[in-house]
Amino acid sequence: MAKVIAVTSGKGGVGKTTTSAAFAAGLAKRGFKTVVIDFDVGLRNLDLIMGCERRVVYDLLNVIHNEGSLNQALIKDKRLENLFILPASQTRDKDALNLEGVERVLNELRERFDYIICDSPAGIEKGAIAAMYYADEALIVTNPEVSSVRDSDRIVGMLGSKTYRAEKELEPVKEYLVLTRYDTRRVDTGEMLSAEDVQEILAIPFLGVIPESQAVLEASNSGIPVTLDEESDAGSAYMDVVDRFLGEDRPHRFMQTVKKGFFSRLFRG
Amino acid sequence: MNSNSIFELKARSHKVLSLRILKGDTTTILTHLRNHLGEPGGLFKDSLLVIDLSSLETPRNAINFEALCGMLREYGLIPFGIHGGNPKHVQDAAEAGLQPVPEAFVSSTQSVAPAQTEPQPPVASTPAQDIPQEVADSGNKTVAKTVHSGQRIVAAGDLTILAAVNSGAEVIAGGSIHIYGALRGRALAGGTDNTEASIFCLDLEPELIAVAGEYLVNDEINPEVFGATASITLEGGELNITRLGEFSPVQG
Ligand SMILES: Nc1ncnc2c1ncn2[C@@H]1O[C@H](COP(=O)(O)OP(=O)(O)OP(=O)(O)O)[C@@H](O)[C@H]1O
Ligand SMILES: [Mg+2]
């Protein structure tokens, strides 16, 4: 049975879309048939990060409003056999997202995919609720700073009360923490919270940190999910996250400051 | 019409107030409340307030809680709970951020509003029938999971939390509150008048603590007890924080 996974955060710009693309591509690489849906109606950019923006004809809202079929709207990734994208509409507003429609689309997708990844917009309003409402599991994307942690905490609370699973008193949505844009040097100087601090506050299972990395920018500029650049720090960190999610044991990386060598210390003073 | 036949503003301590609405639609209530309270301002600076609907003579009238709370906030009041009311009231109130609270939070002592109208005897309080089951019949309550930002847990009796209460979360009890974790949010024990109630937590970093309506906010708390395992009791009308020790959580 397919699993619906919401990628959500409350706060904007923390890396939800980057994570959705990387995580979906990672699952596809591991052989799971995966679709990633952009719920950020009006500000779509998942298609850019996935490099398929020129192939968008129909979108999620067309399918919800029966203006196009799911087959017409699903875009097949050119690199990975198992990966599909369902883009958001650039021209409509969030009110066009109704829960009944979302449920119908998800049910149709559940029959064809192993994993359905829902890239949530920022905030705690309608769009974010639509993206999390039918979730079975959720990746809480958080940056190691107080405001992001606070917003994530709010989202964790909402997953426990404002979702289908909560309202129907089913087994609760399984939540996982993904800590992105982690910069060990700024953690050491106390400018940022440590992974331990964030885990202690949110009290949900931890999938790992993604380091602050130039590779993310490069990947998104060229329309490639960063997990396809497995040589990169961020790409390999995301693959670890995918593998831990799938139940593999992976030692945590990118959480210790790299000790500078003698020469760099010498030249940097 | 005399304002006092429309609502009564009461306080037990001078901290948690209750606004008992007796009848009328929102517009009438707002107009009379404004007449009664005069110009907005810091009249009730930071006073917590419960809206009491248990004596409503017009139970079918819907109440616009957003508008009511908006106006109360103009006066420096912090509406946080309702008592009584029909299921529709409870639902509308929840949307405006008000949670059903037990009777312990409703004051039955004299009116504290500016005395431009003659005091009225308090209306006998009838037990509310429509409070959600969860609150109505629970004496004590135990919660095993972290209370997250935006969540609010209410118990008529004692409340035990087997995890942390995070910043932005609120735990409220008619009796004592025991937190086996960090208190980073708000904890209000003892309703408005249970002065025997206390708060206990493993790591005190609260936004607000209150016992029987007496409260302290974060920056009023002595830095020496901040972050300590502590108990909070009411002694001689003042909050007394006792440092019990030090606690460090086990990393999981
Ligand atoms: N690990 C990282 N290292 C460096 N930059 C990153 C990292 N993760 C994300 N970014 C950058 O942060 C910005 C925001 O990322 P992204 O669009 O994924 O966030 P979002 O949470 O989806 O934002 P929104 O709330 O607007 O939807 C982008 O410019 C992205 O390239
Ligand atoms: Mg995004």
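Rules behind the numbers
Residues numbered from 1 in each chain as written. Chains lettered and ligands numbered in written order. Predicted model: local features only at pLDDT ≥ 70, side-chain atom pairs only at ≥ 80, totals over all residues. Heavy atoms only, no water. Helix = DSSP H or I, 4+ residues; strand = E, 2+ residues; numbered from the N terminus. Buried < 20%, exposed > 50% of the residue type's maximum accessible area, 1.4 Å probe, protein only. Contact = heavy atoms within 4.5 Å. Areas by Shrake-Rupley, 256 points an atom, 1.4 Å probe, with all protein chains shown as cover. Pairing = 2+ DSSP bridges. Axes fitted to C-alpha atoms, helices over the stretch in contact; angles between N-to-C directions. Buried area = accessible area lost by both parts, 1.4 Å probe. Salt bridge = Lys/Arg side-chain N within 4 Å of Asp/Glu carboxyl O. Polar contact = N/O pair within 3.5 Å; in protein donor to acceptor, adjacent residues only side chain to side chain. Nonpolar A, V, L, I, M, F, W, Y, C, P; charged D, E, K, R; others polar. Phe/Tyr/Trp six-rings, centres within 6.5 Å; stacked < 30°, edge-to-face > 60°. Lys NZ or Arg CZ within 6 Å of the ring centre and 35° of its normal. Domains from an automatic or database assignment. Near = heavy atom within 4 Å. 1 Å grid on protein atoms, 1.4 Å probe; cavity = no way out; pocket = protein on both sides within 12 Å on 5 of 7 lines; lining within 4 Å. Sits in = over half its atoms within 2 Å of the grid points. Expected span 1.5 Å × (residues − 1). Parallel < 35°, antiparallel > 145°, perpendicular 65-115°, else oblique. Left-handed = near helix turned anticlockwise from the far one by under 90°. Points joined across faces, edges and corners; volume = space filled by probe spheres on them. pLDDT = per-residue confidence, 0-100.

**Q** A description of the overall build of chain B should follow, citing residues and the corresponding values.
**A** Regarding its fold elements, chain B presents 4 helices and 16 strands. Counting the 252 residues in chain B, one finds 52% classified as buried. Taking contacts inside chain B between residues at least 6 apart in sequence as the whole, the part at least 24 apart equals 48%. Carbon and sulfur atoms provide 50% of the accessible area of chain B, an area that totals close to 10,800 Å².

**Q** Give a description of the sheet that holds strand β11 (residues 186-189) of chain B that names residues and reports values.
**A** All names here are of chain B. Ordered in space as β7-β9-β11-β13-β14, the 5 strands form an open sheet in which the pairing is mixed. Taken across any chain shown, the strands that pair with only one partner, and hence form the sheet edges, are β7 (152-155) and β14 (214-217). On average, each strand axis in the sheet is tilted by 5 degrees relative to the strand beside it, whichever way the strands run.

**Q** For the interface of chain B and chain A, give the residues involved together with the corresponding values.
**A** Each side of the interface is counted separately: chain B has 13 residues, and chain A has 11 residues. Buried area between chain B and chain A, both sides added, is near 1,000 Å², and the carbon and sulfur share of it is 42%. Where chain B meets chain A, there are 2 salt bridges. Across the pair E200 of chain A and R184 of chain B runs a salt bridge, and its minimum N-O distance is 2.7 Å. Our enumeration of links across chain B and chain A arrives at 8 residue pairs in polar contact (both at pLDDT 80 or more). Grouping the constituent residues of the side of chain B that touches chain A by class yields 1 nonpolar, 10 polar and 2 charged.

**Q** Residue-level account of the packing of aromatic side chains, with values.
**A** All names here are of chain A. Applying the stated criterion across every chain, the model contains 9 aromatic pairs over all chains. Here the aromatic rings of Y176 and F245 are separated by 5.4 Å at their centres, their planes lie at 70 degrees, and the arrangement is edge-to-face. Here F245 lies in helix α12 (residues 233-245) and Y176 lies in strand β7 (residues 174-182), a separation of 69 residues in the sequence. In this pair, the class of Y176 matches that of F245, namely buried. Cation over ring: K33 sits above F113, and NZ or CZ is 5.1 Å from the ring centre.

**Q** Lay out the domain arrangement of chain B with the relevant residues and their values.
**A** For an interface, size is often stated in terms of accessible area lost upon the parts coming together. Residues and elements named next belong to chain B. Examined at the domain level, chain B breaks down into domain 1 (16-107) and domain 2 (131-246). A straight line from the C-alpha centre of domain 1 to that of domain 2 covers 24 Å. Of the residues lining the interface, 19 residues belong to domain 1; the matching set on domain 2 comes to 18 residues. Between domain 1 and domain 2, roughly 1,400 Å² of surface is buried when both sides are summed, and carbon and sulfur atoms account for 70% of that area. If you sort the residues of domain 1 by the area they bury against domain 2, L48, P102 and F105 come out on top, with a joint share of 33%. Only β3 (47-52), β4 (77-83) and β5 (99-100) provide two or more residues apiece to the side of domain 1 that touches domain 2. Class assignment of the residues belonging to the side of domain 1 that touches domain 2 gives a composition of 11 nonpolar, 6 polar and 2 charged.

**Q** Got a sec to walk through the site of ligand 1? Specific residues and values, please.
**A** All names here are of chain A. If you check the shell around ligand 1, you find 16 residues, and the closest are K16, T17, T18, R181 and S213. The side chain of T17 places a nitrogen or oxygen atom 2.8 Å from an oxygen atom of ligand 1. A total of 630 Å² of accessible area belongs to ligand 1 in isolation, and the protein chains cover 81% of it. For ligand 1, the cavity whose grid points lie within 2 Å of the majority of its atoms is the second largest pocket. Secondary structure elements with two or more residues in the shell around ligand 1: α1 (16-29), β8 (206-211) and α11 (214-221). When its residues are assigned to classes, the shell around ligand 1 shows 6 nonpolar, 6 polar and 4 charged.

**Q** Pulling in residues and values, what's your account of α12 of chain A?
**A** Residue and element names in this part refer to chain A. In this model, α12 (13 residues) spans 18 Å end to end at C-alpha, consistent with the 18 Å of a helix rising 1.5 Å per residue. For α12, the buried fraction is high: 12 of the 13 residues fall into the buried class. Within α12, burial applies to A234, G235, S236, A237, Y238, M239, D240, V241, V242, D243, R244 and F245. Within two residues after α12, G247 carries a phi angle of roughly 100 degrees, on the positive side.

**Q** Lay out the pattern of salt bridges with the relevant residues and their values.
**A** All chains considered together, the criterion is met by 24 salt bridges over all chains. E230 of chain A is the salt-bridge partner of K29 of chain A, the closest N and O atoms lying 2.5 Å from each other. Placement of K29 of chain A in helix α1 and of E230 of chain A in the loop between α11 and α12 is noted, with a sequence separation of 201 residues between them. For E230 of chain A, a relative accessible area of 36% translates into the label partly exposed. The partner of E246 of chain B in a salt bridge is R243 of chain B, with the nearest N and O atoms 2.4 Å apart. Relative accessible area serves as the criterion here: at 42%, R243 of chain B is assigned to the partly exposed category. By sharing partners, the salt bridges in this structure join K3, E137 and K174 of chain A into a single network.

**Q** Please set out the packing of α1 of chain A against α12 of chain A residue by residue, giving values where relevant.
**A** Residues and elements named next belong to chain A. Contact geometry for α1 and α12: axes closest at 9 Å, N-to-C directions at 60 degrees. When the axes of α1 and α12 are compared, the pair comes out oblique. α12 is crossed by α1, and the crossing has right-handed handedness. Residues T18, T19, A22, F23, G26, L27 and K29 of α1 lie in contact with α12, whose contacting residues are Y238, M239, V241, V242 and F245. Here the contact of α1 with α12 is built from residues that sort into 8 nonpolar, 3 polar and 1 charged.

**Q** Tell me about the layout of surface pockets, and name the residues and values.
**A** Residue and element names in this part refer to chain A. Of the voids in this model, the second largest pocket is the one considered here, and its volume is about 490 Å³. At the level of secondary structure, the elements contributing two or more residues to the lining of the second largest pocket comprise α1, β7, β8 and α11. Per-element accounting of the lining of the second largest pocket gives the leading share, 4 residues, to α11. Within the lining of the second largest pocket, the residues separate by chemical class into 9 nonpolar, 11 polar and 5 charged.

**Q** Can you lay out the confidence of the model for chain B for me, pointing to particular residues and giving the numbers?
**A** All names here are of chain B. When pLDDT is averaged along chain B, the result is 79; 77% of the residues meet or exceed 70. Taken together, the stretch residues 109-138 has pLDDT below 50 and engages in 64 contacts with residues farther than four places along the chain or on a different chain. The complex model carries a pTM of 0.75, and its ipTM stands at 0.80.

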